[in-house]
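Observations on the three-dimensional arrangement
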Amino acid sequence: MSLVRRATPGDAAELLRLRQVMIDALPDSDPGTDWQAQSLPTLRDRLASDEDFGAFVVEHPERPGALAALVVGTVDYRIGKAGNPHGRSGFVFSVATDPDARRRGYARACMDELLQWFRERGAGQVLLTASPDAEPLYASLGFTRKPDPMMGLTL
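Residues numbered from 1 in each chain as written. Predicted model: local features only at pLDDT ≥ 70, side-chain atom pairs only at ≥ 80, totals over all residues. Heavy atoms only, no water.

With respect to the overall build of the protein chain
- When helices and strands are counted, the protein chain shows four helices and five strands.
- Of the regular secondary structure in the protein chain, the N- to C-terminal order runs β-α-α-β-β-β-α-β-α.
- The C-alpha atoms of the protein chain give a radius of gyration of 16 Å, which matches the 15 Å a tight globule of 155 residues would have.
- Taken along its principal axes, the extent of the C-alpha atoms in the protein chain is 45 × 40 × 35 Å.
- Residue burial in the protein chain is summarised as follows: out of 155 residues, 37% are buried.
- Nonlocal contacts in the protein chain, meaning residues at least 24 apart in sequence, comprise 64% of its contacts between residues at least 6 apart.
- When the accessible surface of the protein chain is totalled, it reaches about 9800 Å², and 54% of it is carbon and sulfur.
- Across the protein chain, the mean location of the 18 positive side-chain charges is 4 Å away from that of the 21 negative side-chain charges. (Helix = DSSP H or I, 4+ residues; strand = E, 2+ residues; numbered from the N terminus. Rg over C-alpha atoms; globule rule 2.2 N^0.38 Å. Buried < 20%, exposed > 50% of the residue type's maximum accessible area, 1.4 Å probe, protein only. Contact = heavy atoms within 4.5 Å. Areas by Shrake-Rupley, 256 points an atom, 1.4 Å probe, with all protein chains shown as cover. Lys, Arg positive; Asp, Glu negative; His and termini not counted. Charge placed at Lys NZ, Arg CZ, Asp CG, Glu CD.)

Shown next as structure tokens:
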């Protein structure tokens with residue numbers, strides 16, 4: 001029996017807490033948490049109804065009601081190309097493990113479930129942004145670094 005389960009709307013507050021753990025680990029991150037109250041209703045809705053939004057979690061073994069790890073991703077459509085003619089792509093955008101639950105394989109187990117979920121939805125590729133600390137995990141799962149010229153704009 002797997003420790004990993006699909007996240008439910010009732011997990012939304014814990015997903016936001018773990019997402020903040022991930023954000024806090026990034027260089028020059030904004031430590032503010034005011035955004036979480038605004039995000040909570042949308043996240044609950046997505047967890048309840050969005051077929052292209054997948055979140056997988058492991059419950060914390062020592063803290064009832066808390067989560068130890070999470071992985072979240074979406075499936076998007078873009079016009080196909082060589083290697084992904086149907087244009088369905090998975091994007092992993094949140095991977096976090098509670099600091100006191102690290103080195104137990106929880107993130108890997110969640111990633112395995114998310115990758116299977118992407119396969120079931122016909123994703124031809126999966127993309128993510130890796131921190132230096134997480135890169136060995138992703139490399140062990142088959143991810144390779146890309147020379148991506150990605151840019152961003154906040155609206």
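Having put the structure on the table, let's press on.
Here's the deal with the packing of aromatic side chains
- All chains considered together, the criterion is met by four aromatic pairs.
- Ring geometry for tryptophan 117 versus phenylalanine 118: centroids 5.5 Å apart, planes at 55°, classification tilted. An identical accessibility class is assigned to tryptophan 117 and phenylalanine 118; each is buried. (Phe/Tyr/Trp six-rings, centres within 6.5 Å; stacked < 30°, edge-to-face > 60°.)

Observations concerning the packing of helix 1 (residues 12-24) against helix 2 (residues 35-49)
- In contact at an axis separation of 9 Å, helix 1 and helix 2 are set at 125° when each is read in the N-to-C sense. When the axes of helix 1 and helix 2 are compared, the pair comes out oblique. Here the hand of the crossing between helix 1 and helix 2 comes out right-handed. Along its contact with helix 1, which presents Ala12, Ala13, Leu15, Leu16, Arg19, Gln20 and Ile23, the element helix 2 presents Trp35, Gln36, Ser39, Leu40, Leu43, Arg44 and Leu47.
- Residues of the contact of helix 1 with helix 2, tallied by class, amount to nine nonpolar, three polar and two charged. (Axes fitted to C-alpha atoms, helices over the stretch in contact; angles between N-to-C directions. Parallel < 35°, antiparallel > 145°, perpendicular 65-115°, else oblique. Left-handed = near helix turned anticlockwise from the far one by under 90°. Nonpolar A, V, L, I, M, F, W, Y, C, P; charged D, E, K, R; others polar.)

A few points about the environment of leucine 128
- Considering the arrangement of structural elements, one finds leucine 128 in strand 5 (residues 125-128).
- It is 6.4 Å that separates the C-alpha atoms of leucine 128 and phenylalanine 93, two residues lying 35 residues apart in sequence.
- Residues contacting leucine 128, with those up to four places away along its chain left out, are Phe91, Val92, Met111, Tyr138 and Phe143.

Some thoughts on the pattern of salt bridges
- By the definition in use, this model includes twelve salt bridges.
- Close ionic contact of arginine 5 with aspartate 11 constitutes a salt bridge, the shortest N to O distance being 2.7 Å.
- Here arginine 46 ties to aspartate 50 by a salt bridge, and the two come within 2.5 Å at their closest N and O atoms.
- According to the relative accessible area criterion, arginine 46 is partly exposed, its value standing at 40%.
- One salt-bridge network, held together by shared partners, links Glu14, Arg17, Arg63, Asp98 and Asp100. (Salt bridge = Lys/Arg side-chain N within 4 Å of Asp/Glu carboxyl O.)

Concerning the sheet that holds strand 4 (residues 88-97)
- Spatial ordering of the open sheet is given by 1-2-3-4-5, a layout of five strands whose pairing is mixed. Where the open sheet ends on each side, the last strands, each with one partner, are strand 1 (4-6) and strand 5. Ignoring strand direction, the axes of neighbouring strands in this sheet form an average angle of 25°.
- In the packing of helix 1 onto the sheet, the strands contacted are strand 2 (53-59), strand 3 (67-77) and strand 4, and the crossing angle to strand 3 comes to about 90°. (Pairing = 2+ DSSP bridges.)

Nothing here speaks to function; it is all geometry.
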